[in-house]
Every structure is written in C-alpha cells, then in structure tokens.
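Okay, here's what each chain looks like letter by letter:
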Amino acid sequence: MTSTAIIPLARLRERYPGPKLPRILVHRGTAGDALGAKRYVGELRDALGDRADSVYKGASDGANWAAPSATVFQGTYTRRFDRLDLNGIDEVVACFNGDCGDEANYAGTGGRGLTARLGRNDGSLGDVLAQGAYVALDRALDGTSEQLTDAIEKGGFTGRGGAHFPVAMKWRLAAGHSDEPRMLVVNAEEGEPGVFKDRHLLEGDPHRLIEGILLAHHAVGFERAYVYVNGQARAARAAFEAALADAAEAGITDGSAWDREFKLEIHVRAGAGGYVCGEESVILNSIEGERPVPRYKPPFATDRGLFGRPTVINNAETLAAVTTVFENPPPPTKLVSLSGDVPRPGLYEVSVDGATTWTGLLAMAGGNPQDAQAILLGGPSGTFVMPDQFEDPLEMRTLGAGGTVVLGADADIARVTRELAAYNMRESCGECTPCREGTIRMVDLLKRPAEHRDEIASLIEVMTEGSLCQLGGMAGRPTQSALEQFPATFDD
Amino acid sequence: MRLMSDDSPPIDLEAMQTGISSVDRMPRDRDRLLPALLAMQEALDWLPREAIRYVASHVRVPVSEVYATTTAYSELRLEPAVAGQWHICTGVACDLAGAASLLKAAPDAARIDCQFLCALAPVVTDEHEQLFGRVSADELRERANA
C-alpha cells in the first residue's frame, strides 16, 4: 500500500481509476441523440479497430449548436470536433492518432466553474474523480459546518432558480431550527420553457449535484434529501440515479469513504408535468402525495416545510454551484440557457461579475446586437430586454433561472406575447382566483389589446398582488413588458 | 381529460399486473401516491379507473383525492395516448425556428409545449417520444410517413 492510501480521495481514485488516454468522447445525452449522435459511437469504434475501447459515450457539454460532436482527450490538451453530420469523423480519428490540426482550436484540459466537467466525462465515478469531483467535499469535511457556511456566505452564493436568496442565510435558518429532523429538497423540476440547464447538469455531471447535496448536509444536517426531477427529463433522472448508486457503492453518500457516518437518505422523485410544479411549495405537496398546488406562506419552508419539518429547498444549479466554493476566487457565474436567433445557441456559464453585458452574452453565441429586436428573459414569467439595455451588465437578480430567447428582426412580438399568455392560462393550477380567472381574461384582452390598455394594466396589478404563487404573480410580466416596449405592435 | 365512465377502453391485464407488482413494492404511505401513479402509467401507458382505485387503496387515500391529484398533472393520462402520434414543439424558440411550417408539413401531428431542447429548435417528438432537433419540413414529411 502506498503512503497516499490513507488520504480518502486518493484511496477513492485508486479504487476508481480514470480513463486511459488518448480517448474520444461522443457527446450524446438527450441533446446529442436528438441529432443522431449515437451513430458516431459505432462509426468511430469501427474506424479505430482494435482501439475501439477508446471511444466513450458522454452527455452534451452544453454546446448544442455544435451537436453532433465528439471531443478528443490527448492528456495535455483536448479538442472538440463539431457538426459531425456535416464534417464527418476523419478529423476526429486523425486527432486521436496525434494530428489535431490547428493549435488555435485546442482547449485546455480543465475548466473552472460548475460546467468544468459537463459532458466531458463518460459518467463513471473514476472519470469525474480524476477531474476533481468531491475535492470540495473532502476539504469541507476538514472543517466545521460553520466554516463551510461562512465560506458559502463569503463566496456570495445565491439561489440560482430565480429568487436569488442567499444560500448561507437559508442554510442557517434551517440549521438553527430547534425542530429536528430537517429535510432537503432539491428542485430539478425545471419546467420553465426556454430553460434547459438542470437537464444538462444531471445528464452531464450528476456527481456535482451529489457533492452539492453532501456539502449542504455537512452544513445543515438533514435526515433526508429529496431530488425532484422533471418527469419528462428521463435521461437526467437515469443519469443521476446511476451516479447515486455509484457514489453509494464507493462509500461517498454514507461517508464511509471518509471513515464517517453521514446519516442521510437521498431519494429521487419524478414529477409529472406542470409549470407550477417548479414552485417550491408545490414540490412539497407533490412529494407528500397532495395535489400539486402552492401553499400559503408563512409558514416558510425553513420553519415548516416537507412533512412539517424544517426544510431547505435549493435549486439543482445552486447546489452544483456551491461545489466551486473553494475555487479561488469563487466564480460568480450563472448558467444561461440561450436559444432563438443566434448562430450558436446552447448552454453558457457566464460570469456575473459586473463586466459581462448582454452584448457580451450575444457575442459568445456569435450573435450581433444589431440583429436582435429584443431578448426574452424568463419565458412566460419574463420580460423583454431591449437593445438600449444590451450594454448593461448581467445581474444575478435579473437573470432569474437564466432562460433567454433572442428575438431576431423577423420575430413577431405580438404573437410571442399571446403565446406566452396562452401558456400561462393552460398551466394555471386553478388554486387561486386571480391566476385562474386572470390568465383566461388576459388571453381574451390580448385579442384587441389597443382597446383594453387600462383593463390589462389593472388586471396585471390584481394578478401580481393577489396570486398565491409566482406563476400568477409574474404571468402579466411579458404582456406588460411588450406593451411598454412595443406599443405599435399591438395596434391592429 | 375525461371523467371515469363505464365505456373506458379495455385494459391490458398483463400490464396491469406489472403495474400492481411495482406499486406493491412501495411502502403504503401517502407520499408514494405520485410514484405509484407513475409506476402504473409506466406499465399501462395510461391510468384506467382500476389502476387509480388500486393506487388509492395501496396508499390509503380516498379514490376521489387520488383522482383529483391525477387530473392536476399534465403528464398523467386518463385515456390511452393516440397511437403513432407525433408532436411538434411550439415553444418560443421552436416557433421562431419555423414550427408553423412543420405543422403544415405534418397535419396529423399535434402541438406540444416546450420540450426543453430550445437550442436545437425546431424540435419534434416521434410516436416513441424520441426527440429530434433542427428538423426541416422535408425531413419531417419523410420521417413521419416512413
């Protein structure tokens, strides 16, 4: 036995070695497979002959525009080959054999932030351990729960599901509660049209979420964690469950890999549809087997949440983000799901450092600000970001869940607005009157909005103030924003 | 959505048995209501009245409440899905990318809300719920008629 064997992480890495290099990773996952990425695994294996076992299946790395794609890992550098449907696999094979072409196209071997390993692993524990998984947990376990929470606070981590609530504050509220046991609910419902980050995270790096859950457990101390995954996101749930089984087998989830006892049960629950199911109190009802409708607040979940216990509800991205707490400095980043009229739509991790602007975001995706009428931010609960705001810095508070659709010159704003209003009407759960009746009325008024400006304004006010949850509370935002920014569009 | 009535479609008894076996493995607690309904639907592809009754008795919740819960979830089906049905996503990104022309190309396909593959718009799903991205009208005609 080597001298490093007493170090828990070294022990784990010895037991679960990383993959051999060089290797080729085909980016499959839901996104890759929707563009036929599956066939390139077979094609590449055929082309490699007796080295066929160097071809691995990975998930999407977020660069949806490049799919179907494959990445060659050479040890000292990596290179992704895009659009295999157009470019074929010859270059991929050449790179595997050592000729990777223009060095300008090389990427580094490691990234930072919460997408560093995203889709750049084959889903095995050994692969992610070799890329730094569970390093933050290992370090946190060296210190007390207070030290971890302090580091989270200092890192400025806030909720990434849209509400932007400070993570450390939420954790302390639950940790300080005299009532035990405590519950953790992980919101991976992701039902907001235009957002696809949690699916990518769970498919492409599920161990990051497991690490985040264990960090939260170290800070707060839970009896149970429930990971609530969108019902349609089957691949995401399967990938997470597989990773969870691997982590359990390795003694990560029960703490035995560190010669400790974590005493945490982790349950995975599937949702069954409905935008409102992303609302945190709806998730509580859904898990308990009640009708999926919002609860009145107070009591707040940190006092009386799941099964009446003090409960922390964190978004999946939030818990993924806290694994970067010891990176120096912790990157204030946000996952942005970017689609619409840009050349390179996909998932982007952007710095929310006060320097990145909307123009900068567009540029990442190859978009030109002059070509955009507006950016729809936040889908059916969102607003239109106008060109005169494109030079403003991105802010965590305004980014919400990070769903952005770029509306090009030809986009019909009135049509988009009406579709969003109709969506809110269909998705209203019916529990409270302002939303149930208001969303129907809104669709009706939007048929002839020019004649009903005042009525629309007062309807939005009632829905905003009176709705039980944010589905109704924010349902009027796209309409309000469209009428303000594009008044002429609605004059028929 | 429709009320539970006596002219329900026939039930695949073998699938029902599979569903029952899955449900029987779950603790008889209320918080297994949705997992049990999902297990039944996984086996049967929809939720006949008998399945709802079985779940209700297993988790010890009144049938009326189980029914009320079932109707609140858009992905739980109280009648069989239309066989061979394709869906065309009409979310904002897919709409911008030409979902309307896909609907024209495949008039038998149904509209569906966001499928969360917005960066691959326009997106369609086939009869097995397999997703396809960046679909052109020609390609859809070809696939849907194949």
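Residues numbered from 1 in each chain as written. Chains lettered and ligands numbered in written order. Predicted model: local features only at pLDDT ≥ 70, side-chain atom pairs only at ≥ 80, totals over all residues. Heavy atoms only, no water.

Enquirer: Would you mind going over the overall build of chain B with me for this structure?
Expert: If you tally the helices and strands in chain B, you get seven helices and four strands. Along chain B, from the amino end to the carboxyl end, the secondary structure elements read α-α-α-α-β-α-α-β-β-β-α. Overall, chain B is about 50 × 30 × 25 Å in size when its C-alpha atoms are taken along their principal axes. Considering only contacts within chain B whose residues lie at least 6 apart along the sequence, 56% involve residues at least 24 apart. (Helix = DSSP H or I, 4+ residues; strand = E, 2+ residues; numbered from the N terminus. Contact = heavy atoms within 4.5 Å.)

Enquirer: What is the right way to read unusual backbone geometry from this model?
Expert: Across residues other than glycine, the phi torsion is negative in most instances, and most of the peptide bonds are trans. Geometrically, the link from A67(A) to P68(A) is a cis peptide bond, its omega value of -5° lying close to zero. Structurally, the position occupied by P68(A) is in the loop between strand 2 (55-58) and strand 3 (70-73). Each neighbour pair has its own omega, and for P298(A) with P299(A) the value is 5°, a cis peptide bond. Checked against the element boundaries, P299(A) lands in the loop between helix 13 (280-288) and strand 8 (311-315). Despite not being glycine, F116(B) has its phi angle at roughly 65°, a positive value. Structurally, F116(B) can be placed in the loop between strand 2 (110-112) and strand 3 (124-125). Using a relative accessible area of 6% as the deciding quantity, one classes F116(B) as buried. (Buried < 20%, exposed > 50% of the residue type's maximum accessible area, 1.4 Å probe, protein only.)

Enquirer: How do you make sense of the nonpolar core when you look at a structure like this?
Expert: Note on soluble globular proteins: their nonpolar side chains tend to be buried together. Membership of the largest hydrophobic core comes to 113 residues, with the highest contact counts inside it found for Y134(A), W171(A), I213(A), F384(A) and L407(A). With eight residues, the single largest contributor to this core is helix 11 (residues 206-220) of chain A. When residues no more than four places from it in sequence are discounted, the contact partners of Y134(A) are L9(A), L125(A), L129(A), H207(A), I210(A), E211(A), L214(A), A247(A), I252(A) and W258(A). Core analysis: the second largest hydrophobic core is formed by 44 residues, Y228(A), I283(A), M16(B) and M40(B) among them. (Core = buried A, V, L, I, M, F, W, Y, C linked by side-chain atoms within 4.5 Å.)

Enquirer: Any chance you could explain the environment of R141(B) here in plain terms?
Expert: Residues and elements named next belong to chain B. Its place among the elements puts R141 in helix 7 (residues 137-145). Using a relative accessible area of 40% as the deciding quantity, one classes R141 as partly exposed. The spatial distance from the C-alpha of R141 to the C-alpha of E14 is 36 Å, given a sequence separation of 127 residues. Side-chain polar atoms of R141 contact the side chain of D138, separated by 2.8 Å. (Polar contact = N/O pair within 3.5 Å; in protein donor to acceptor, adjacent residues only side chain to side chain.)

Enquirer: How do you make sense of the pairing of strand 4 (residues 78-81) of chain A when you look at a structure like this?
Expert: Residues in a regular strand project their side chains so that they alternate between the two faces of the sheet. All names here are of chain A. Direction of pairing for strand 3 relative to strand 4: antiparallel, over a ladder of four bridges. Within strand 4, the residue paired with A70 across the bridge is F81. Hairpin connection, strand 3 to strand 4: the antiparallel pair is bridged by four residues, and G75 has positive phi, about 100°. (Pairing = 2+ DSSP bridges.)

Enquirer: Please explain the interface of chain B and chain A as it appears in this structure.
Expert: Interface size is commonly expressed as the accessible surface area that is lost when the partners come together. Of the residues lining the interface, 34 residues belong to chain B; the matching set on chain A comes to 58 residues. At the boundary of chain B with chain A, total buried surface from both sides reaches about 3,400 Å², with 55% on carbon and sulfur atoms. If you look at where chain B meets chain A, you find six salt bridges. One salt bridge in this structure joins R269(A) and D31(B), with 2.6 Å as the shortest N-O distance. The interface formed by chain B and chain A includes 16 residue pairs in polar contact (both at pLDDT 80 or more). Secondary structure elements with two or more residues in the side of chain B that touches chain A: helix 2 (33-44), helix 4 (63-72), helix 5 (92-96) and strand 4 (131-132) of chain B. For the side of chain B that touches chain A, the element with the most residues is helix 2 of chain B, which contributes five residues. Residue classes in the side of chain B that touches chain A are distributed as 20 nonpolar, five polar and nine charged. (Buried area = accessible area lost by both parts, 1.4 Å probe. Salt bridge = Lys/Arg side-chain N within 4 Å of Asp/Glu carboxyl O. Nonpolar A, V, L, I, M, F, W, Y, C, P; charged D, E, K, R; others polar.)

Enquirer: I keep staring at the packing of helix 8 (residues 145-154) of chain A against helix 9 (residues 167-175) of chain A and nothing clicks. Help me out?
Expert: Residues and elements named next belong to chain A. Helix 9 packs onto helix 8 with a crossing angle of 150° between their chain directions and a minimal axis gap of 8 Å. One way to sum up the angle between helix 8 and helix 9 is to call them roughly antiparallel. Of helix 9, the residues touching helix 8 (which contributes T149, D150, I152 and E153) are V167, A168, W171 and R172. For the contact of helix 8 with helix 9, the residue count by class is four nonpolar, one polar and three charged. (Axes fitted to C-alpha atoms, helices over the stretch in contact; angles between N-to-C directions. Parallel < 35°, antiparallel > 145°, perpendicular 65-115°, else oblique.)

Enquirer: Teacher, can you tell me more about the domain arrangement of chain B here?
Expert: On domain assignment, one finds that chain B holds domain 1 (13-72) and domain 2 (87-145). If you average the C-alpha positions of domain 1 of chain B and of domain 2 of chain B, the two centres end up 32 Å apart. (Domains from an automatic or database assignment.)

Enquirer: What am I meant to see in the packing of aromatic side chains here?
Expert: Centre distance and the angle of the planes are the two values used to describe a pair of aromatic rings. All names here are of chain A. One pass over the full model with this rule turns up five aromatic pairs over all chains. Both rings, one in F384 and one in F486, keep their centres 5.9 Å apart while their planes meet at 85°; by these two values the pair is edge-to-face. On the criterion of sequence distance, the pair formed by F384 in strand 12 (residues 383-385) and F486 in the segment after helix 21 (477-485) is long-range, its members being 102 residues apart. Both residues of the pair, F384 and F486, belong to the buried class. (Phe/Tyr/Trp six-rings, centres within 6.5 Å; stacked < 30°, edge-to-face > 60°.)

Enquirer: Explain the state of the cysteines to me, please; I cannot follow it from the model alone.
Expert: In protein structure, a disulfide is the covalent linkage between the sulfur atoms of two cysteines. If you walk through the whole model with that rule in mind, you get one disulfide over all chains. C95(A) shares a disulfide with C100(A); S-S distance 2.0 Å. Looking down the S-S bond of the C95(A) and C100(A) bridge, the torsion is 85°, so its handedness is right-handed. According to the relative accessible area criterion, C95(A) is buried, its value standing at 0%. For the unlinked cysteine C89(B), the closest cysteine sulfur is that of C94(B), found at 3.6 Å. What makes C89(B) buried here is its relative accessible area of 3%. As a non-bridged cysteine, C114(B) has C118(B) as the owner of its nearest cysteine sulfur, 3.7 Å distant. For C114(B), a relative accessible area of 8% gives the class buried. (Disulfide = S-S within 2.5 Å.)

Enquirer: Just to check I follow, could you spell out the sheet that holds strand 8 of chain A for this structure?
Expert: Adjacent strands of a sheet form backbone hydrogen bonds with each other and so pair up, either parallel or antiparallel. Residue and element names in this part refer to chain A. Read from one edge of the open sheet, four strands run 7-6-5-8, paired in parallel fashion. Two strands close off the open sheet at either side, each with one partner strand: strand 7 (265-270) and strand 8. Here the strands of the sheet are splayed against their neighbours by 20° on average, with no regard to which way each runs. Where strand 5 (residues 183-188) lies against strand 6 (residues 224-229), six bridges are found, and the strand directions are parallel. Residue V185 lies in a different strand from strand 6, and its bridge partner there is Y226.

Enquirer: Just checking my understanding: could you explain the sheet that holds strand 3 of chain B for this structure?
Expert: All names here are of chain B. Reading across from one edge, 2-1-3-4 is the order of the four strands in this open sheet, with mixed pairing throughout. Looking at strand neighbours, the two that pair on one side only are strand 2 and strand 4, the edges of this open sheet. Sheet topology note: the strand 1 (residues 87-89)/strand 2 ladder contains three bridges and is parallel. Residue C89 lies in a different strand from strand 2, and its bridge partner there is I112.

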